[in-house]
There are 2 protein chains.
Amino acid sequence: MDFEKELSRKTTWVQDAVAEYFPDSAGEGYAARLAEAMRYSLAAGGKRIRPLLLYESCLIHRADPEKAKPFMAAIEMIHTHSLIHDDLPALDNDELRRGKPTSHMMFGEAGAILAGDALLNLAYETVLNAFPDCYEEDRSPAPAGCMVVREVAADHMARRWRALKILAEKTGIHGMLGGQSVDVENDKRGNLNPDRPTLEYIYENKTAALLEAPLMIGAVLGGADPDEIRRMEETGSRLGAAFQIRDDILDLTATEETLGKPVKSDESNEKRTFVSLLGGVEKAETLVQQLTDEAIALLENVSGDTAFLKQLIRYMALRNS
Amino acid sequence: MDFEKELSRKTTWVQDAVAEYFPDSAGEGYAARLAEAMRYSLAAGGKRIRPLLLYESCLIHRADPEKAKPFMAAIEMIHTHSLIHDDLPALDNDELRRGKPTSHMMFGEAGAILAGDALLNLAYETVLNAFPDCYEEDRSPAPAGCMVVREVAADHMARRWRALKILAEKTGIHGMLGGQSVDVENDKRGNLNPDRPTLEYIYENKTAALLEAPLMIGAVLGGADPDEIRRMEETGSRLGAAFQIRDDILDLTATEETLGKPVKSDESNEKRTFVSLLGGVEKAETLVQQLTDEAIALLENVSGDTAFLKQLIRYMALRNS
């Protein structure tokens, strides 16, 4: 398998899938400006890592990626919501993201706040709208085998409900937003030396939660058992920590050109990361390697073809931009 | 029927129902501060009008209000999310709400932004978590009549899915957030003379959408047909316009003491409302009366006991605080 080629092919598929659900200002009438702001940040690029993880988890667990598209779009909307609000003057006060002006630079602070809100909501709306009440709809005429058809439909509805529940949990106070709030508090209170458990909490929630969700959702949609879903969650947890520590390392070692954003921002903000906590880039590198190995070892006990996902995890943890 | 007594009894029931789902900082560990901010605004009072409309719609359409509690909490969380973000310095810049300091005065701007985000998300999380996958769960042992039980469970799951879909639609770009964004744009661009269609769009979406949702959701949970659901939506639409125009009138005629917030804010902001558009309080009063009559007339064609709801609509449109 040529990993880079496969990655490129799958990324293209995922990019197209996600783009199907972008708001289009043309049809929005009065709310055109809001739709434009939402689309601006969604279309600003990014590697679509989270939808890609969902795609791959679908393949592993024999779920149909086609039917998981709304979930892929939803997870990218939630991620984009978090970037818009993180960049606000009251939070990180960033003017550039991926080399482009951030949302509030383009649409004003109020516009960016509302665009972020509307993207978070659109995530749920997208999933809820994508599935007609198939169960109810095939009720009236009762062809032969109809009971079986309805059973399957109800089964899939229950899986989607559970998948959406996971997405909500990993996004909210017990996930991304919880981690984000503790991160912000540490900054704002001038408590620039969070201890290791606090830093682990932040990484687990702010970053890992939204990598765990797509890995779990693919398993849920494929009807995997609870143990298998838990293994996917733990894989995402290790990957998330490795991914975030890699981010910290790159902030110190990369150039603004390769990253598309200012470097050494943690250092100039005197922000504690795993690099400063552990006492240097080298030790952080060792931890990234260890977490990556753990993530991959967890996949040994997952049924299905996990070869590509393992390579993807290495690629994400060892990236240089 | 003693309306005031009934209103008081039902409001107490709804207040208790909603409070069951408030976040509790005690159990939240690192995210305690975020939970505290979420709870602060949820507990700050308000008349719980939206959950009350849902409660009443359940009674009318023979849905069990007990099972609609998570939806009641969800709609109040979404409403509270919108108040927190509306009050932010970048939007209305209000320091008081219901006589108490607004969220950003208490928790800082970043804290208020994240509390609002987390409340919007918690709305979905609350509904999704409240219902175990009852369909899946009663699968394995197959007692007599099990097929019927599973049919009913799947039916109810489909209704909840549709109810959540309505909530998401009325909250997002095609509802509350769409209206809010156009309202903000009109302010920020110094376009203080929106025409009547624009003002109608703002009132329909910013205010009415979140009154339509609970009226519709009660009907959906009770298994009402599409025509009936549409009538509830239209009732909410008229009620929403009347309610918002009443707000505009009170801003001009009430005292800060009765309202619990500064009065004449629209005037001092030179903000166009239906009062200024129509050329005075008296004409606005006439329109409120007309919209109220229309809302009540729509309920004539709704089956079920709509007597209390009709009185509630009059009460909301004719309130003096």
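Refer to the preceding data block for the structure.
Below, the structure is looked at part by part.

1. Topic: the overall build of chain A
Then, in step 1: Along the backbone of chain A there are 15 helices and 2 strands.
Then, in step 2: Rg of the C-alpha trace for chain A: 20 Å, near the compact-globule value of 20 Å for 321 residues, within the 12% margin.
Then, in step 3: If one aligns the C-alpha atoms of chain A with their principal axes, the spans along those axes are about 70 × 50 × 35 Å.
Then, in step 4: Buried positions account for 56% of the 321 residues belonging to chain A.
Then, in step 5: Contacts in chain A between residues at least 24 apart in sequence constitute 73% of all its contacts with a sequence separation of at least 6.
Then, in step 6: Of the roughly 12700 Å² of accessible surface on chain A, 49% is carried by carbon and sulfur atoms.
Then, in step 7: Averaging the coordinates of the 37 positive side-chain charges in chain A and doing the same for the 53 negative ones gives two points 2 Å apart.

2. Some points on the relation of the copies chain B and chain A
Then, in step 1: Overlaying chain B with chain A gives an RMSD of 0.0 Å, the required rotation being 180 degrees about an axis along which the chain moves by 0.0 Å. These values place the two chain copies in the arrangement generated by a two-fold rotation axis. Closest to the rotation axis within chain B is the C-alpha of Ala154(B), separated from it by 2.9 Å.
Then, in step 2: When the interface residues of chain B are mapped onto chain A, 100% of them are again interface residues, pointing to one common binding face.

3. Let's talk about the interface of chain B and chain A
Then, in step 1: Tallying the contact residues gives 60 residues for chain B and 60 residues for chain A.
Then, in step 2: Summing the contributions of chain B and of chain A, the shared interface buries around 5800 Å²; its carbon and sulfur component is 64%.
Then, in step 3: Ranking the residues of chain B by area buried against chain A places Tyr30(B), Trp161(B) and Ile173(B) at the top, with a combined share of 15%.
Then, in step 4: For the pair chain B and chain A, the interface holds 12 residue pairs in polar contact (both at pLDDT 80 or more).
Then, in step 5: Looking at the side of chain B that touches chain A, the elements that each hand over two or more residues are α2 (32-43), α4 (65-87), α5 (103-130), α6 (134-137), α7 (146-171), α8 (176-188) and α9 (196-221) of chain B.
Then, in step 6: At 15 residues, the largest contribution of residues to the side of chain B that touches chain A is made by α7(B).
Then, in step 7: Looking at the side of chain B that touches chain A residue by residue, the class counts come to 32 nonpolar, 11 polar and 17 charged.

4. Some points on helix α10 (residues 226-253) of chain A
For an α-helix, 3.6 residues make a turn, and residues three or four places apart therefore share a direction.
Then, in step 1: Given a rise of 1.5 Å per residue, 28 residues ought to cover 40 Å, and the 40 Å separating the end C-alpha atoms of α10(A) matches this to within 8%.
Then, in step 2: At the N-terminal end of α10(A), a side-chain oxygen is found 3.1 Å from the backbone nitrogen of Asp227(A), two or three residues along, and the residue is Asp225(A).

5. Quick word on α2(B)
All names here are of chain B.
Then, in step 1: For α2, with 12 residues, the first-to-last C-alpha span of 16 Å sits near the 16 Å given by 1.5 Å per residue.
Then, in step 2: For α2, the complete set of buried residues consists of Leu34, Ala35, Ala37, Met38, Ser41 and Leu42. In an axial view of α2, the angular spread of the buried residues amounts to 160 degrees, which keeps them on one side of the axis.
Then, in step 3: Two residues or fewer after α2 comes Gly45, characterised by a positive phi angle close to 105 degrees.

6. Quick look at the packing of aromatic side chains
Then, in step 1: Scanning the entire structure with this criterion turns up 18 aromatic pairs over all chains.
Then, in step 2: An angle of 35 degrees between the planes, with centres 4.7 Å apart, marks the rings of Tyr30(A) and Tyr201(B) as tilted. One end of the pair, Tyr30(A), is in the loop between α1 (3-19) and α2 (32-43); the other, Tyr201(B), is in helix α9, on a second chain.
Then, in step 3: Residue classification places Tyr30(A) among the partly exposed positions, given a relative accessible area of 36%.
Then, in step 4: With a relative accessible area of 16%, Tyr201(B) lands in the buried category.
Then, in step 5: Ring geometry for Tyr40(A) and Phe107(A): centres 5.6 Å apart, planes at 70 degrees, overall edge-to-face. Placement of Tyr40(A) in helix α2 and of Phe107(A) in helix α5 (residues 103-130) is noted, with a sequence separation of 67 residues between them.
Then, in step 6: Here Phe107(A) falls in the buried class, since its relative accessible area comes to 13%.
Then, in step 7: By the ring-pair criterion, three or more aromatic residues cluster together here, those being Phe71(A), Phe131(A), Trp161(A), Phe71(B), Phe131(B) and Trp161(B).
Then, in step 8: It is Arg319(B) that lies over the ring of Phe243(B); its NZ or CZ is 4.0 Å from the centre.

7. Topic: the pattern of salt bridges
Then, in step 1: Taken as a whole, this structure holds 40 salt bridges over all chains when the rule is applied.
Then, in step 2: Its salt-bridge partner being Lys69(A), residue Glu66(A) comes within 2.7 Å of it at the nearest N-O pair. Highlighted residues: Glu66(A) and Lys69(A), both in helix α4 (residues 65-87), separated by 3 residues, approximately one helical turn.
Then, in step 3: Residue classification places Glu66(A) among the partly exposed residues on the basis of a relative accessible area of 43%.
Then, in step 4: In this structure Lys69(A) comes out as buried when scored by relative accessible area, which is 10%.
Then, in step 5: We note a salt bridge from Arg231(B) to Glu228(B), for which the minimum N-O separation is 3.1 Å. Here Arg231(B) pairs with Glu228(B), and both are found in helix α10 (residues 226-253), just 3 residues apart, close to one helical turn. An identical accessibility class is assigned to Arg231(B) and Glu228(B); each is buried.

Criteria and thresholds
Residues numbered from 1 in each chain as written. Chains lettered and ligands numbered in written order. Predicted model: local features only at pLDDT ≥ 70, side-chain atom pairs only at ≥ 80, totals over all residues. Heavy atoms only, no water. Helix = DSSP H or I, 4+ residues; strand = E, 2+ residues; numbered from the N terminus. Rg over C-alpha atoms; globule rule 2.2 N^0.38 Å. Buried < 20%, exposed > 50% of the residue type's maximum accessible area, 1.4 Å probe, protein only. Contact = heavy atoms within 4.5 Å. Areas by Shrake-Rupley, 256 points an atom, 1.4 Å probe, with all protein chains shown as cover. Lys, Arg positive; Asp, Glu negative; His and termini not counted. Charge placed at Lys NZ, Arg CZ, Asp CG, Glu CD. Least-squares fit on C-alpha atoms with pLDDT ≥ 70 in both. Buried area = accessible area lost by both parts, 1.4 Å probe. Polar contact = N/O pair within 3.5 Å; in protein donor to acceptor, adjacent residues only side chain to side chain. Nonpolar A, V, L, I, M, F, W, Y, C, P; charged D, E, K, R; others polar. Expected span 1.5 Å × (residues − 1). Arc of directions from axis to C-beta. Phe/Tyr/Trp six-rings, centres within 6.5 Å; stacked < 30°, edge-to-face > 60°. Lys NZ or Arg CZ within 6 Å of the ring centre and 35° of its normal. Salt bridge = Lys/Arg side-chain N within 4 Å of Asp/Glu carboxyl O.

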